[in-house]
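# Structural characterization, general
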Amino acid sequence: MAPKDQGGSDSRFFTTQKKGELHELRTELHSTDRTTKVDAVKKVIASMTVGKDVSGLFTDVLNCAQTGNIELKKLVYLYLINYAKSQPELTLLAVNTFVKDANDRNPLIRALAVRTMGCIRVDRITEYLCEPLGRALRDDDPYVRKTAAVCVAKLYDIAPELVQERGFIETLHDLISDSNPSVVANGVAALSEIAETSGRDVMKISASVLQKLLAALNECTEWGQVFILDSLAKYVPGDAREAEGIIERVTPRLQHANSAVVMSAVKVILSYMDVMAAGGGANAENIRALTRKLAPPLVTLLNSEPEIQYVALRNINLIVQKRPSILENEIKVFFCKYNDPIYVKMEKLEIIIKLVSEKNIDQVLLELKEYATEVDVDFVRKSVSAIGRCAVKLERAAERCIGVLLELIQTKVNYVVQESVIVIKDIFRRYPNRYESIIATLCDNLDTLDEPQAKASMIWIIGEYAERIDNADELLETFLETFEEEDPTVQLQLLTATVKCFLKNPEETQDMVQRVLDLATEESDNPDLRDRGFIYWRLLSTDPEAAKLVVLGDKPVIEDDTFRLEPNLLNVLVGQIATLSSIYHKPPEAFVVRAKRSPTSDVMGMDDDEEEDIEGEEEDYEDENDVNNGGGGGDLLDMGGLSVNDNAPASANDGGMGDLFGGGGGAAAAPEARMSKVCTPEKSGGIELWAGFRQVGGVKLELDIRNISSNVPVSNLAIQLNKNAFGFSPGSQQIICNPPVPMGGSGKQTVELVNNPNMLVQVPAGQPASPQIQVAVKNMATGLVFYFAANFAFEALFSSDGALERTAFIESWKSIDDQKELFSTVSDLPPSSTDIDQVAAKFQGYNIFLIARRPVPNAVGQEVAYFS
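The paragraphs below set out a description of the structure included in this document. Everything numeric here is computed off the predicted structure, so don't read it as measured data.

Calculation notes
- Residues numbered from 1 in each chain as written.
- Predicted model: local features only at pLDDT ≥ 70, side-chain atom pairs only at ≥ 80, totals over all residues.
- Heavy atoms only, no water.
- Helix = DSSP H or I, 4+ residues; strand = E, 2+ residues; numbered from the N terminus.
- Contact = heavy atoms within 4.5 Å.
- Areas by Shrake-Rupley, 256 points an atom, 1.4 Å probe, with all protein chains shown as cover.
- Buried < 20%, exposed > 50% of the residue type's maximum accessible area, 1.4 Å probe, protein only.
- Pairing = 2+ DSSP bridges.
- Axes fitted to C-alpha atoms, helices over the stretch in contact; angles between N-to-C directions.
- Phe/Tyr/Trp six-rings, centres within 6.5 Å; stacked < 30°, edge-to-face > 60°.

### Here's the deal with the overall build of the protein chain
Summing up its helical and strand segments, the protein chain has 37 helices and 11 strands in all. Taking the contacts inside the protein chain whose residues are at least 6 apart along the sequence as the reference set, 66% of them involve residues at least 24 apart. Accessible area of the protein chain: about 43,000 Å², with a carbon and sulfur share of 50%.

Here you go:
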């Protein structure tokens, strides 16, 4: 007798597959014994889980759905969800089962049927889903209603038009008034998801809706509270009094045991505090009271597990930049413990620097000095750097900070000395001609410097204060002995420092400067070093006085960069507290690319797997060709790295392939650019941007600029393109709006795109080129830079003179390598799209011209058409 499986575990189903097991499974699936059938489906699910192909059992597993056993039904539905994409035709066979289960007496089965239909991302299933979904949204059982609410969001992702036609969004609004708080929470979650997908405000919180959300907040589950709080954070109160009333209802959530609820409540309160602050000084006392209430829950989060601590610290980092007063008296809780993981210690140091003040600098310095004796090298370096940043931030405490740094230098620990030299250079730049007495101590430790950044910092100090160092030339000579082996950063500093030394003491350093200039201009293959060498050479040989003005001129004092996030970006990130944005410290569009279904997907027979592959390829393309990696000339606009916005949904004019083939006969006029929304007001300072491409005597980028909420009229924009598969760059980087676009107004602009070989991206072998054009725009009036990406419309490449003579067409056709020919089949076209006369007329509107047509031999009714 076979031994019984210990503990009733299902692990036995994950045993190695035997030869012929599929046949055995098929037999068991048709067994009349319920236990045998359940075990057989579990074996199928186990095989599917470990990656084995069991799609051949589709119909056999589907037959098992006709059962009243909930366990078996769940397993079958799990199988259907997994294989529906690869077996869409067979999945239709399950529709009757879904519809029947959606009317079952058991609410669990009704909800299971609706949930499964929503998870099966097959277009043909959606039309059968609408009726059961409509009933489920009005079901008597709250479990079914809350399941149906989430299903609406899933359906919107597949077929947004269907959701709007059936009025499901209005039904979701009704669910917000539901008596069950879980239903309310799921309704809010679904509306939020739809709003994020569509880019429209479908939530529409009114005064009555607001009160219902606040009432449900006290009763729903913790994750339901998170959904409601996130929705409240996006709501803009009418005045300070309303904001204060909402905060009063939200404040109890600060005591919640779930950290996600706490952070969402903090986000709501921070957002509304801005509204209260705008109300004037009358609310100052209330704001101070709220500030005191926010500190304890944030401190409590630091007693959690290290991972939660890290997430909390990243969010607190943003909060203290927005409102430092919240935690100004709590700096001790951010002191590092001996057993903190390194990633937690690093974040705590960042926050300590932001909270340090003249009141607590002494205890902070004692703590940082202690950290500098730890064994973790990275942590020690960060601690030494933190001491220097405290000096830069607090002028009155700078001398005490330097004293601590000098004590650390005396330890003679290699990496401590090097990091100290780096930060002392920054202190000299912050407070020139005040602390140069310590240079002698630094010079005594030259032998310990072996890292490029430390060497470069020390060389800068020697060059900058050469007149105060008796043997400055000798010290530079020690570095020059290894000039050719040094890092480029060190070489550049050596070159500049030597020229400074020469200008201050020309008699004794002439040979040295000649040798350095020779090394930089003749021996080096680094273009930056060579160019700087030639500039110095020409300055020194033509006008030494001018060289002194250039090289020895007063340098601007560096600024404290403790609160280094731009105010606009900080406001965006504070609004994203408790999301990934607040951990990355980047807006969502910088790291999320949302795939949109285009109308061509269905016509071309593209399934979701292919769309996901294409999305992945576009992400790879964006990563490899980011402006920061040397492309696109982004520095011309001082725009930094190029981030990619969500792909905008196709506009009403974007008919895709169906629109291209459809339509009546007759030659069409040159089509307008297919415009799509590429920038929302939230990310571009109140400006909404629509973009499209068209062919008018060359490729043009059409822009529709709509000033939604910016008080500053849009008058002058600068534009830059990232490297792309077409080699396009703007003919002019300036866009002049004449007249300027005021708030509430709009204006159209056209940017000519020219072909530039330097802008052509290198596509890896075997990968398709991305049709995406990444664009950076700078509003010259406000200084705000925003980014978007738009898919290029290929008809914009076709010019009106593209019609070839037949002989020229045949010669061109024959000259094309057979390996460069592509074949594709388009099926299920309407009759109007198979009439060559109508297709030719439609094509001609897009500058695609009919060259010839001929019947196919031995195939009645079939023709071949050639277009150029």
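### A few points about unusual backbone geometry
Here Asn738 and Pro739 are connected by a cis peptide whose omega angle stands at 5°. If you trace the backbone, Pro739 turns up in strand E6 (residues 734–741). Backbone geometry places Lys412, a non-glycine residue, at a positive phi of 65°. A relative accessible area of 47% means that Lys412 is categorised as partly exposed.

### Points about the sheet that holds strand E3 (residues 699–707)
By definition, the strands of a sheet pair up through backbone hydrogen bonds, in either a parallel or an antiparallel sense. Across the sheet, which stays open at both edges, the five strands sit in the order E1-E2-E3-E7-E5 with antiparallel pairing between neighbours. Two strands in the sheet have a free side with no partner beyond their single neighbour: strand E1 (676–679) and strand E5 (728–730). Here the average twist between neighbouring strands, direction ignored, is 35°. Inspection of the sheet shows strand E2 (residues 687–695) paired to E3 by nine bridges, in the antiparallel sense. The residue of E3 that forms the bridge with Arg694 is Lys700.

### Details of the packing of aromatic side chains
The final tally for this structure, using the stated rule, is 11 aromatic pairs. Ring geometry for Tyr371 versus Phe379: centroids 5.2 Å apart, planes at 40°, classification tilted. Accessibility expressed as a relative area gives 1% for Phe379, which makes it buried. Relative to Phe792, the ring of Phe728 has its centre 5.3 Å away and its plane inclined at 50°; by these criteria the two rings are tilted. With Phe728 in strand E5 and Phe792 in the loop between strand E9 (785–791) and helix H36 (806–815), the pair connects residues that are 64 residues apart, well separated along the chain. Each member of the pair, Phe728 as well as Phe792, carries the same accessibility label: buried.

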